[in-house]
Amino acid sequence: MKIHEYQAKEVLKKYNVPVQDGIAIKDISEVDNAISQLKQRGINQYVVKSQIHAGGRGKGKLYNPEKRDELILEGGVKFTTTPEKAKEYAQKMFGNILVTHQTGAEGKKVKTLFITEGLDYKKELYLGILLDRSVSKNVIMASTEGGVEIEKVAEETPEKIIKVWIDPSIGLQSYQARKLAFSLGLEGDAFKNFIKFISALYKAYEQTDASLLEINPLVITNDNRVVALDAKMNFDDNALYRQKEIADFKDLDEEDPLEIEASKFNLNYIKLDGNVGCMVNGAGLAMATMDIIKLAGGEPANFLDVGGGANKTTVANGFKIILSDPNVKAILINIFGGIVRCDRVAQGVIDAAKEMHIAVPIVVRLEGTNAKEAADLLNQSGLNFDVAKSLKEAAEKVTAVLK
């Protein structure tokens, strides 16, 4: 699960991680009050930040949602020294579509703004914590190239990325924190403040069940404070049951509507850009199915895992979700009957297809317990199913249908 920057900073403050002071607003009528509150706190420089679940906001472009070719503002993050300009930026951002390299051409509508204090600083750094599954450890990544996408740094100057692996059973050790500070070239008060910062940050990462915690940029102010100028946090969905406050941060406006609908039926769905709808039981099998569709020359329209107990209800809900995407021109059903018998799945597919009057071609491949009986049911159903014996044949059939 992803959360917004202002929410991430709210979390970090609870762990004594230094962050910018700021106020989030969800209606443009709140802007005057927000700026007034910041002025009362002695703040006379402002940064107006669009809040969407995508990176590259500062280099993004804001467009009129009614006239998508009308450019409203360059940049979804703006600095100013006057309240008047801050209000002007807020008015140009709020309610418009922000397009960044991560949103795609469709962009995202800005429904929340974060108005923060503007800080004077002398150095920008990068800091990130995530799980390295290859070694079953958390890894802290740091770089002197703050304010730049870490992917770009990794591609162009990989030697500037410092990595320290943390054994989760032991936790962050003081010598590891010092190693990071030395590697970033910090000295004096900045060095000491960084040690406190990274210790608090790692504690926040670990205790909130985060899967990613990225600070870009992390800044060293002119008076040697270490402050998170930006903050991105993702969380393990499987741990949200014990992170009730964080779970409440979920912004449904930022989620794909089909993914939200799928979650209501306990289906694991991710929308993609292709035209072949996929219905599969098991995440690994779903990934393999998408791969073989690509190899056959097709483009998967989604990842959909209906789970181990595929039946009429789950299949019908799966069809409903898949067909809600207008780009889907054919469906490939690939089920392995281990826990569930293939003939029961086949009957579920037949019943759901009859009730829903599906117009697009359907290719079905069932393998496992009672696979032969399942094939007979499908062939004798009177419906226009194309039954395949292997995954390779299924992928070739569904791509041939599209051609």
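Residues numbered from 1 in each chain as written. Predicted model: local features only at pLDDT ≥ 70, side-chain atom pairs only at ≥ 80, totals over all residues. Heavy atoms only, no water.

Asks: Any chance you could explain helix H13 (residues 391-402) here in plain terms?
Replies: Since one α-helical turn is 3.6 residues long, residues separated by three or four positions face the same way. An ideal rise of 1.5 Å per residue puts 16 Å on twelve residues; H13 measures up with 17 Å between its terminal C-alpha atoms. The set of residues buried in H13 consists of Leu391, Ala394, Ala395, Val398 and Thr399. Angularly, the buried residues of H13 cover 120 degrees about the axis, an arc narrow enough to put them on a single face. Facing away from the buried surface of H13 by more than 90 degrees, the exposed residues are Lys392 and Ala400. Of the surrounding elements, those touching the buried residues of H13 are strand E16 (276-280), helix H9 (283-295), strand E18 (330-337) and strand E19 (362-368). (Helix = DSSP H or I, 4+ residues; strand = E, 2+ residues; numbered from the N terminus. Expected span 1.5 Å × (residues − 1). Buried < 20%, exposed > 50% of the residue type's maximum accessible area, 1.4 Å probe, protein only. Arc of directions from axis to C-beta. Contact = heavy atoms within 4.5 Å.)

Asks: Could you clarify how one ought to interpret the packing of aromatic side chains in this entry?
Replies: Each aromatic ring pair is summarised here by two numbers: the centre-to-centre distance and the angle between the ring planes. Counted by the stated rule, this structure contains three aromatic pairs. An angle of 45 degrees between the planes, with centres 6.2 Å apart, marks the rings of Tyr6 and Phe114 as tilted. Here Tyr6, found in helix H1 (residues 5-14), pairs with Phe114, found in strand E8 (residues 113-117); they are 108 residues apart in sequence, far enough to count as distant. The pair formed by Tyr6 and Phe114 is uniform in burial state, with each residue classed as buried. Here the aromatic rings of Phe182 and Phe191 are separated by 4.8 Å at their centres, their planes lie at 50 degrees, and the arrangement is tilted. Phe191 gets classed as buried once you look at its relative accessible area, which sits at 15%. (Phe/Tyr/Trp six-rings, centres within 6.5 Å; stacked < 30°, edge-to-face > 60°.)

Asks: In this structure, what is going on with the pairing of strand E17 (residues 302-305)? I would like to understand it.
Replies: Residues in a regular strand point their side chains to alternate faces of the sheet. Of the two faces of E17, the one lined by Asn302 and Leu304 and the one lined by Phe303 and Asp305 are each fully buried. As paired elements, strand E15 (residues 268-271) and E17 share four bridges and run antiparallel to each other. Within E17, the position partnered with Asn268 by the bridge is Asp305. (Pairing = 2+ DSSP bridges.)

Asks: Explain the sheet that holds strand E2 (residues 46-50) here, please?
Replies: Strands in a sheet are paired, the pairing made by backbone hydrogen bonds, and the direction either parallel or antiparallel. Read from one edge of the open sheet, four strands run E1-E8-E2-E5, paired in antiparallel fashion. Across the chains shown, the open sheet's two edge strands, defined by having one partner strand only, are strand E1 (22-25) and strand E5 (77-80). Here the strands of the sheet are splayed against their neighbours by 15 degrees on average, with no regard to which way each runs. As paired strands, E1 and E8 are joined by four bridges and run antiparallel to one another. Looking at the pairing, Ala24 lines up with Phe114 of E8. The strands touched by H1 within the sheet are E1, E2 and E8, with E8 carrying the most contacts at an inclination of about 50 degrees. (Axes fitted to C-alpha atoms, helices over the stretch in contact; angles between N-to-C directions.)

Asks: Can you help me understand the side chain of Gln243 in this one?
Replies: Examined against the element boundaries, Gln243 turns out to sit in the loop between strand E14 (232-235) and helix H7 (244-247). We classify Gln243 as buried; its relative accessible area is 13%. A polar contact is formed between the side chain of Gln243 and the backbone oxygen of Gln207, at a distance of 2.9 Å. Ignoring sequence-local partners within four residues, the contact set of Gln243 consists of Gln207, Thr208 and Asp209. (Polar contact = N/O pair within 3.5 Å; in protein donor to acceptor, adjacent residues only side chain to side chain.)

Asks: How do you make sense of the environment of Glu245 when you look at a structure like this?
Replies: Examined against the element boundaries, Glu245 turns out to sit in helix H7. The exposed category is assigned to Glu245, whose relative accessible area is 56%. For the pair Glu245 and Val11, spaced 234 residues apart in sequence, the C-alpha to C-alpha distance is 9.4 Å. One polar contact links Glu245 to Lys14, side chain to side chain, over a distance of 2.8 Å.

Asks: Looking at this model, I keep getting lost on the environment of Asn266. Mind explaining?
Replies: Secondary-structure assignment places Asn266 in the loop between helix H8 (257-264) and E15. By relative accessible area, Asn266 is classed as exposed at 67%. Placed 125 residues apart in sequence, Asn266 and Leu391 show a C-alpha to C-alpha distance of 25 Å.

Asks: Would you mind going over the packing of helix H5 (residues 174-183) against helix H6 (residues 188-207) with me for this structure?
Replies: A pair of packed helices is characterised by two quantities: the angle between their axes and the separation of those axes. At a closest axis distance of 9 Å, the pairing of H5 and H6 adopts a crossing angle of 130 degrees. Between H5 and H6, the crossing angle belongs to the class labelled oblique. Crossing geometry of H5 relative to H6 is assigned as right-handed. Contacts from Ala177, Arg178, Leu180, Ala181 and Phe182 of H5 reach H6 at Phe191, Phe194, Ile195 and Ile198. Considered class by class, the residues forming the contact of H5 with H6 number eight nonpolar, no polar and one charged. (Parallel < 35°, antiparallel > 145°, perpendicular 65-115°, else oblique. Left-handed = near helix turned anticlockwise from the far one by under 90°. Nonpolar A, V, L, I, M, F, W, Y, C, P; charged D, E, K, R; others polar.)

Asks: How do you make sense of the sheet that holds strand E3 (residues 61-63) when you look at a structure like this?
Replies: Sheet architecture is open: four strands sit in the order E4-E3-E6-E7, paired in antiparallel fashion. The open sheet is flanked by strand E4 (71-74) and strand E7 (108-109), the only strands paired with a single partner. As judged from the three bridges shared by E3 and E4, these two strands associate in the antiparallel manner. Within the sheet, the bridge partner assigned to Lys61 lies in E4 and is Glu74.

Asks: What am I meant to see in the state of the cysteines here?
Replies: Disulfides are covalent bonds that link the sulfur atoms of two cysteine residues. In this structure the tally under the stated criterion is zero disulfides. The closest cysteine sulfur to the non-disulfide-bonded Cys278 is located on Cys342, 18 Å from its own sulfur. Given the relative accessible area of 2%, Cys278 is considered buried. (Disulfide = S-S within 2.5 Å.)

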